[in-house]
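Geometric and topological summary
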Amino acid sequence: MGLPPPSPLLLGLFLLQGVLRPLGGDLVFIPAFIHMTGPAVSASLVGGTEDVTVSLALLQDKEGLLPVPACGVLTNETEDWSLTVTPTVIRPENALDVTVRLKRGWQRCSSNEMDSFSESPCMVQTLLVSASRNSSCLAHLLIRAEIYANSSLAHNASENVTVIPNQVYQPLGPCPCNLTAGACDVRCCCDQECSSDLTELFREACFTGVFGGDVNPEFDHLCSVQETPGAPGWFPFLCVQSSPANSPFLGYFYHGSVSPRQHASFEVHLHTDLRDFSDFGYKQGDPIMTVDKAYFTIPQVSLAGQCMQNAPVAFLQNFDVRCTTSLEAYREQDGIINAKIKNGVVGGIVTPKVIYEEAADPDRFITGTETLLSNESASRNVNVEEHYIFRWNNNTISEINVKIIRAEINAYQKGSMTQRFTVKFLSYNSGDEKEFSGNPGYQLGKPVRALNTNRMNNETTLYLWQSAGRGLCASATFKPILFGENALSGCLLEVGIHENCTQLRENAVELLDSLIQATHVATRGNSDYNHPSDDWLEIIRADAPDTGADPPVSVNGICVDIPARLHIRILISDAGAVEGITQQEILGIETRFSTVNWQFQCGLTCEDKANLFPVSASVQFIKIPARLPRPLTRFQINFTEYDCNRNEVCWPQLLYPLTRYYQGEPYSQCVAKGLLLVSFLILAAFLSNPWTRTCKA
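A few points on the structure. Not measured: the values here are computed from a predicted model. (Residues numbered from 1 in each chain as written. Predicted model: local features only at pLDDT ≥ 70, side-chain atom pairs only at ≥ 80, totals over all residues. Heavy atoms only, no water.)

1. Some words on the nonpolar core
Counting 45 residues, the largest nonpolar core has Leu462 and Trp465 as the members making the most contacts within it. The residues touching leucine 462, leaving out its near neighbours within four places in the chain, are Val448, Ala450, Lys479, Pro480, Ile481, Leu515, Ile516, Ala518, Val521, Ile539 and Ile589. The next biggest cluster of nonpolar side chains, apart from the first, holds 25 residues, and it includes Ile34, Leu56, Ala139 and Ala145. (Core = buried A, V, L, I, M, F, W, Y, C linked by side-chain atoms within 4.5 Å. Buried < 20%, exposed > 50% of the residue type's maximum accessible area, 1.4 Å probe, protein only. Contact = heavy atoms within 4.5 Å.)

What follows is the structure in structure tokens.
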């Protein structure tokens, strides 16, 4: 629909007016003409805007003639439109922002849904915005409104709510090519907003694949895909039998059930098709069950490092994890108080005994704090640590003790909180004595046992730092060194530009020495603390730094030979086997310091602000072979064909599961399985066609 003949002339006058008037300092609309296709348009009124009145009129262009506008008077024909005038942010005395908005005219566009994708506009009107002073017209803005039914005006905003499907049962985006809300996307045949007539125009050119809506395609290895191009002859024997509903595009919580997933504070409900064998006793690794046929859950850290809030607790498996959560998203969980746990006997129930303690230093757990302004001084409690102790007897649970450490914070406080969760299984008849790290040898992942002969209470262990918050050494906590696990940790020490070098060395040495508050380490996991002379090794401390040695010339902001890193090297070896399980022991331990030259780091200017000096500690376990390997002969050195380290083909490991190189299973089981496989091959050879023909002949 085009403009009437006089309209281009009037438009040209307005554009010429918009170019020439600012040169003389008069009022002018920028731009002077707007072609409107949306719900609102804006323009600027520039010039002397004092005592200026802005009005809106609906022009009736009958028989191709536009009426002469009247300034300062609003006609009664603008009930569908609203006019808003606001001063601009920059120079409000010389400019105004003028906005024209459609109020309710869109209802006529949405009344006829059959014509919602018509090519002609459903509303065509001409609006005139005038600026006047004392009934004298000074500037005009012409707006040509053409509203189409397939625009976002045709849909009520309150009804256009995006419904996100449950990824467990259907893909998140069933129609990825549907990119425009409220309108039909060309070539997108899965778009529900396209009418059947409109879809017929591009049905032969629809998007294919996942983007076109095929979000559950059958992959090539399914047995149901019979005509796979280029499929090998063995495809029918080694294809994958899987339900089409088990799509790789579904969420990772997919479990093949149609029942909705339920969440609880301390339990995850099971499905009716799973069996619960806890009434007949627990085995190591079995999930602990509640009387409601649900898992007893405690937050744990997954292999990917994510914190899983509803992770089941496994029988006889200890853990010590830390999870970081937002204070805004934190919700207190009281399910542990009312939890009833099966003890492993039919009808047996154990109720946890819970005690609460107040945190001595809440700032150690909460970082990045910010309190919203509020007239109320309400407070709430958050759990910063939860410690669970399970007492077990054979394959049953006899007692559960829980200690929860809480911190009181402001109800409107924001930030992040680091929570700690520990689970420990102890025998029913054990006291509070220290737990062994193995019997007799060390177990992987158990703390290295140590003692300090210079103290009355000589039981201790070796530590590393576990930083929190800003990573400062003042707020860092300790974690034990675990047997067989190499680790590296550190923290930051605040140092000023006028720092005394001798004092800095003493502080650094004191921090590093705090990790090794011991004189001996245990050779085995069950070494007796009461007999330090038996099965205990003295810690070798090499290159102890001299904290009092200063260079002859001292400069502010520069210190040399500052201890910055502690190296801990532990020699371990296999010491035999008990019931087929290899026992490992410690042969020696050495600590060594490494120093650096520190210089204060300045920005544009050297201000007297604290710098951060990093200190770190590393632990390395070095395994020594129990028996020294035989030296290579001259033939083995020169002839490298059978050397797996210097050739791509390793002939000695041709039958890898049957060789000594394979450590996945006991050697006797590998030989038995290998002989069984050989017998099957011999049987298949005898039953093959050549042998059958030989017997017939």
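Let's pick the thread back up.
2. Describing helix 6 (residues 501-513)
With 13 residues, helix 6 ought to run about 18 Å at 1.5 Å a step, and its terminal C-alpha atoms sit 18 Å apart, in line with that. The complete set of buried residues in helix 6 reads Cys501, Thr502, Leu504, Arg505, Ala508, Val509, Leu511 and Leu512. Along its buried surface, helix 6 packs onto strand 23 (463-466), strand 25 (487-495), strand 29 (558-578), strand 30 (581-599) and strand 31 (611-623). One side-chain oxygen at the N-terminal end of helix 6 lies 3.0 Å from the backbone nitrogen of threonine 502; it belongs to asparagine 500. (Helix = DSSP H or I, 4+ residues; strand = E, 2+ residues; numbered from the N terminus. Expected span 1.5 Å × (residues − 1). Polar contact = N/O pair within 3.5 Å; in protein donor to acceptor, adjacent residues only side chain to side chain.)

3. Describing the sheet that holds strand 4 (residues 53-59)
Within a sheet, neighbouring strands are paired by backbone hydrogen bonds and run either parallel or antiparallel to one another. Strand order in the open sheet formed by 4 strands is 2-8-7-4, with mixed pairing between adjacent strands. Unpaired on one side and paired on the other, strand 2 (33-36) and strand 4 mark the two borders of the sheet. Across this sheet, the average inter-strand angle for adjacent strands is 20 degrees, counted without regard to direction. (Pairing = 2+ DSSP bridges. Axes fitted to C-alpha atoms, helices over the stretch in contact; angles between N-to-C directions.)

4. What about the state of the cysteines?
Counted according to the given criterion, the structure contains 7 disulfides. Linked covalently through their sulfurs, cysteine 473 and cysteine 491 form a disulfide whose S-S length is 1.9 Å. Here cysteine 473 and cysteine 491 share a disulfide; its torsion about the S-S bond, 90 degrees, makes the bridge right-handed. Of this pair, cysteine 473 sits in the loop between strand 23 and strand 24 (477-480) while cysteine 491 sits in strand 25, placing them 18 residues apart in sequence. The burial state of cysteine 473 is the same as that of cysteine 491; both residues are buried. (Disulfide = S-S within 2.5 Å.)

5. Here's the deal with the packing of aromatic side chains
Each aromatic ring pair is summarised here by two numbers: the centre-to-centre distance and the angle between the ring planes. Taken as a whole, this structure holds 11 aromatic pairs when the rule is applied. For the ring pair phenylalanine 296 and tyrosine 388, a centre distance of 6.3 Å and an interplane angle of 75 degrees mean the geometry is edge-to-face. Highlighted residues: phenylalanine 296 in strand 10 (residues 294-296) and tyrosine 388 in strand 18 (residues 379-393), separated in sequence by 92 residues. Here phenylalanine 296 falls in the buried class, since its relative accessible area comes to 0%. Taking relative accessible area as the criterion, tyrosine 388 reaches 1% and is therefore assigned buried. Pairing tyrosine 463 with phenylalanine 478 gives two aromatic rings, centres 5.7 Å apart and planes at 50 degrees, and the pair type is tilted. In this pair, tyrosine 463 sits in strand 23 while phenylalanine 478 sits in strand 24, placing the two residues 15 residues apart along the sequence. We classify phenylalanine 478 as partly exposed; its relative accessible area is 41%. These aromatic residues form a ring-pair network of at least three members: Tyr282, Phe296, Phe315, Tyr388, Phe390 and Phe425. (Phe/Tyr/Trp six-rings, centres within 6.5 Å; stacked < 30°, edge-to-face > 60°.)

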